[in-house]
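Listed here are the chains, written in short residue letters.
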Amino acid sequence: MAENKDRDEALKEEALQEETLQEEIVETTEQEAEVTEVEVIDDTAEKILKLEQQAAENFDKYQRSLAEFDNFRKRTMKEKATMYDDGVRDTVEKLLSVVDNLERAVSAQEGKAEENDSFLIGVQMILKQFQEVLHGLGVEEIKALGEKFDPNLHAAVAHEDDENYGESEIILEMLKGYQYKDKVIRHSMVKVAN
């Protein structure tokens, strides 16, 4: 009996050791799982942080590209408008000599020609049509006669001292000046008093 008792106790002790060993294995496994879980969480957090930084960089690049494109669009529109204005000024400048000659023809024949001279009437109509086209484009005549001399608008080609006129007053317009959108196409050639 004593042997059975010793054997039972030995078996119980062995079972107890085995149970303790199994508990230690379970605890070790749980700890390893927790460590792995913490590593996975840390790894995921790092990935999320990197992705957020990359998203912020990409958004910044997007905003910069959008701003650059908007600036490019505005600059292109401004250049187009400038090119159009320059084209109008160049074309009008070349046509002004034709208008000048038509004006000279009309003024030379106005007192001499008959009242119903069809040739003079035709030239007057052509001159009027030219003037309407220029006005429609936004080209304006520069006022000169009786105005005060302005070097930005007028070119003084003659000077006269006369007490009947004010200081720097334009007394004769020799050639009409024209401007387009506040830019002078051709200065008025004038004679200035005092």
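Predicted, not measured: the structure shown is a model, and the values here were computed from it.

Calculation rules
- Residues numbered from 1 in each chain as written.
- Predicted model: local features only at pLDDT ≥ 70, side-chain atom pairs only at ≥ 80, totals over all residues.
- Heavy atoms only, no water.
- Pairing = 2+ DSSP bridges.
- Helix = DSSP H or I, 4+ residues; strand = E, 2+ residues; numbered from the N terminus.
- Axes fitted to C-alpha atoms, helices over the stretch in contact; angles between N-to-C directions.
- Contact = heavy atoms within 4.5 Å.
- Salt bridge = Lys/Arg side-chain N within 4 Å of Asp/Glu carboxyl O.
- Buried < 20%, exposed > 50% of the residue type's maximum accessible area, 1.4 Å probe, protein only.
- Patch = residues over 30% accessible without salt bridge, like charges linked within 9 Å, V, L, I, M, F, W, Y side chains within 5 Å.
- Areas by Shrake-Rupley, 256 points an atom, 1.4 Å probe, with all protein chains shown as cover.
- Core = buried A, V, L, I, M, F, W, Y, C linked by side-chain atoms within 4.5 Å.

J.: Go over the pairing of strand E6 (residues 188–193), please, and point to the residues and values.
T.: Examined bridge by bridge, strand E2 (residues 154–160) and E6 share six bridges and lie parallel to one another. Bridge pairing in E6 links His159 to Val192. The sheet contact formed by strand E3 (residues 169–175) and E6 spans five bridges and is antiparallel. From the neighbouring strand, Leu172 faces E6, where its bridge partner is Lys191.

J.: Could you give an account of the sheet that holds strand E1 (residues 139–142), naming the residues involved and the relevant values?
T.: Read from one edge of the open sheet, three strands run E1-E4-E5, paired in antiparallel fashion. Strand pairing shows two members of the sheet lacking a second neighbour, E1 and strand E5 (183–186), which therefore form its edges. Within the sheet, the average angular offset between the axes of one strand and its neighbour, ignoring direction, is 40°. Alignment of strand E4 (residues 177–180) against E5, held across three bridges, turns out to be antiparallel. Of the residues in E5, the one forming a bridge with Tyr180 is Lys183. Across the sheet, helix H2 (residues 118–137) is in contact with E1 and E4; its angle to E1 comes to roughly 110°.

J.: Before we move on, could you go through the pattern of salt bridges and cite the residues and values that matter?
T.: All chains considered together, the criterion is met by nine salt bridges. Across the pair Asp70 and Lys74 runs a salt bridge whose closest N-O atoms are separated by 3.4 Å. Of this pair, Asp70 and Lys74 both sit in helix H1 (residues 2–109), four residues apart, which is roughly one turn of the helix. Asp70 gets classed as partly exposed once you look at its relative accessible area, which sits at 26%.

J.: Can you lay out a nonpolar patch on the surface for me, pointing to particular residues and giving the numbers?
T.: On the surface, a nonpolar cluster with roughly 340 Å² of combined accessible area is contributed by Val157, Leu172, Met174 and Met189. By secondary structure assignment, the location of Val157 is in strand E2.

J.: Residues and numbers for the nonpolar core, please.
T.: By size, the foremost hydrophobic cluster in this structure holds 15 residues, and its most contacted members are Val92, Leu96, Leu134, Val139, Tyr178 and Ile185. Tallying contributions element by element places H1 first for this core, with six residues. When near neighbours in sequence (up to four residues on either side) are disregarded, Val139 contacts Val92, Leu134, Tyr178, Gln179, Tyr180 and Ile185.

J.: Report on unusual backbone geometry, specifying residues and quantitative values.
T.: Even without being a glycine, Lys181 presents a positive backbone phi close to 50°. Checked against the element boundaries, Lys181 lands in the loop between E4 and E5. A residue is classified by how much of its surface remains accessible, and Lys181, at 53% relative accessible area, is exposed. Despite not being glycine, Asp182 shows a phi value in the positive range, around 65°.

It is worth stressing that arrangement in space is one thing and function is another; only the former is reported here.
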